[in-house]
Amino acid sequence: MNPALKSQILAAGEAAVATAARTLAGGGLVAFPTETVYGLGADAANPAAIARLYQAKGRPAFNPLIAHVGDLAAANKIARFDADALKLAKAFWPGPLTLVLPKTEGCTVADLATAGLDTVAVRVPAHPVARDILRAFGGPVVAPSANLSGHVSPTTAAHVEHDLAGLIDLIIDGGPVEVGVESTIVGCFEQPTLLRPGGVPREDIERVLGRALAQAPREADADSAQPLAPGMLASHYAPRTRVRLDAEDVAPGEALLAFGLHRLHGADRAVAIMNLSAERDLAEAAANLFGYLRSLDAKGATTIAVMPIPDEGLGEAINDRLRRAALGRA
Ligand code: TXA
Ligand code: MG
């Protein structure tokens, strides 16, 4: 972080929420906590604000944004819900689920935010500070994760400051987030389709739907100009240090991202060790994931070796982010 660059930082509370709403209404950029990760918010109906947002993040403009709204009634104004979408919204909102749906005629979300698609991604976040800001602002707020494009998502206000200080107007500090990985994204087309694993495990969604989710192609080619499904940019979540998955030992010079108490050969000479969850609790591991990747990235190790993590429940989202981290940056 460049110490000369500053953004206003306010502790969450009534005054901060009012300032956030005013800043958004004026076309400003506000980082705020959601239950998944910190988001960088802009007025979804203001193309100039959205252009600044893409610029601040250094994000390719073909990667569309999620519109955050306060409740299902507000979501209905911008997106068309079929029976499956309605079931999912009722079961999981507010919460870490994003639905990609056809836009309504009157959808106020700017084309720039949907990258010109005729669909829109919508989510009702559960975090009380996010909800208060949405209520005070009174319209949809687009919010990607509040990190520089290509960096891991921020789970604390300090992470946001590290990436975006001086590039955005305001940071609302609501403490560390609870879930730690981004929302699950489901496209409600003919077949409900998993576009991104995330904070709601696939199994829970399939239970509510009464059938299996179709699977979007897992990894788009990072170099292709047209991602297979937007948001599937393979190298989205990369630390600078190389990442090695399914490690069964630790080589000299490596840092270790552990899971559980099994002791790997060579662990005693690791440059640094952080344990996602000694108890092998996947929710705890998800909450720790991005913060620990950031910390280990700063240790000067040659590689971050990552122990295997079961691919069930939240493990699917964790492994998805780790695979992207291992692919390196585009
Ligand atoms: O948990 C989250 O979802 C966080 C918090 C801040 O809400 N937000 C987040 O936003 O992760 P972002 O921009 O980092 O990821 C949004 C993903 C992108 O990968 C984007 O391509 C996809 O959603 N997306 C948005 N609109 C879409 C659309 N119409 N069709 C397909 N994918 C879409
Ligand atoms: Mg992101």
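Quantities reported herein were computed from a predicted structural model and do not represent experimental measurements. (Residues numbered from 1 in each chain as written. Chains lettered and ligands numbered in written order. Predicted model: local features only at pLDDT ≥ 70, side-chain atom pairs only at ≥ 80, totals over all residues. Heavy atoms only, no water.)

J.: Give a description of the packing of helix H1 (residues 14-25) against helix H5 (residues 128-137) that names residues and reports values.
T.: Closest axis-to-axis distance for the H1/H5 pair is 9 Å, and the angle between their directions is 50°. Put simply, H1 runs oblique to H5. Of the two possible hands of crossing, H1 and H5 adopt the one that is right-handed. Counting all contacts with H1, which are made through Val17, Ala20, Ala21, Leu24 and Ala25, the residues of H5 involved are Asp132, Ile133, Ala136 and Phe137. (Axes fitted to C-alpha atoms, helices over the stretch in contact; angles between N-to-C directions. Helix = DSSP H or I, 4+ residues; strand = E, 2+ residues; numbered from the N terminus. Parallel < 35°, antiparallel > 145°, perpendicular 65-115°, else oblique. Left-handed = near helix turned anticlockwise from the far one by under 90°. Contact = heavy atoms within 4.5 Å.)

J.: Tell me about the sheet that holds strand E13 (residues 254-258), and name the residues and values.
T.: Spatial ordering of the open sheet is given by E12-E15-E13-E14, a layout of four strands whose pairing is parallel. Taken across any chain shown, the strands that pair with only one partner, and hence form the sheet edges, are strand E12 (242-244) and strand E14 (273-275). Adjacent strand axes in the sheet meet at a mean angle of 20° when their direction is disregarded. In the sheet, E12 pairs with strand E15 (residues 303-306) via three bridges, with the strands oriented parallel. Residue pairing across strands places Val243 opposite Ile304, the latter belonging to E15. Along the sheet, helix H8 (residues 282-297) makes contact with E13, E14 and E15, crossing E13 at roughly 170°. (Pairing = 2+ DSSP bridges.)

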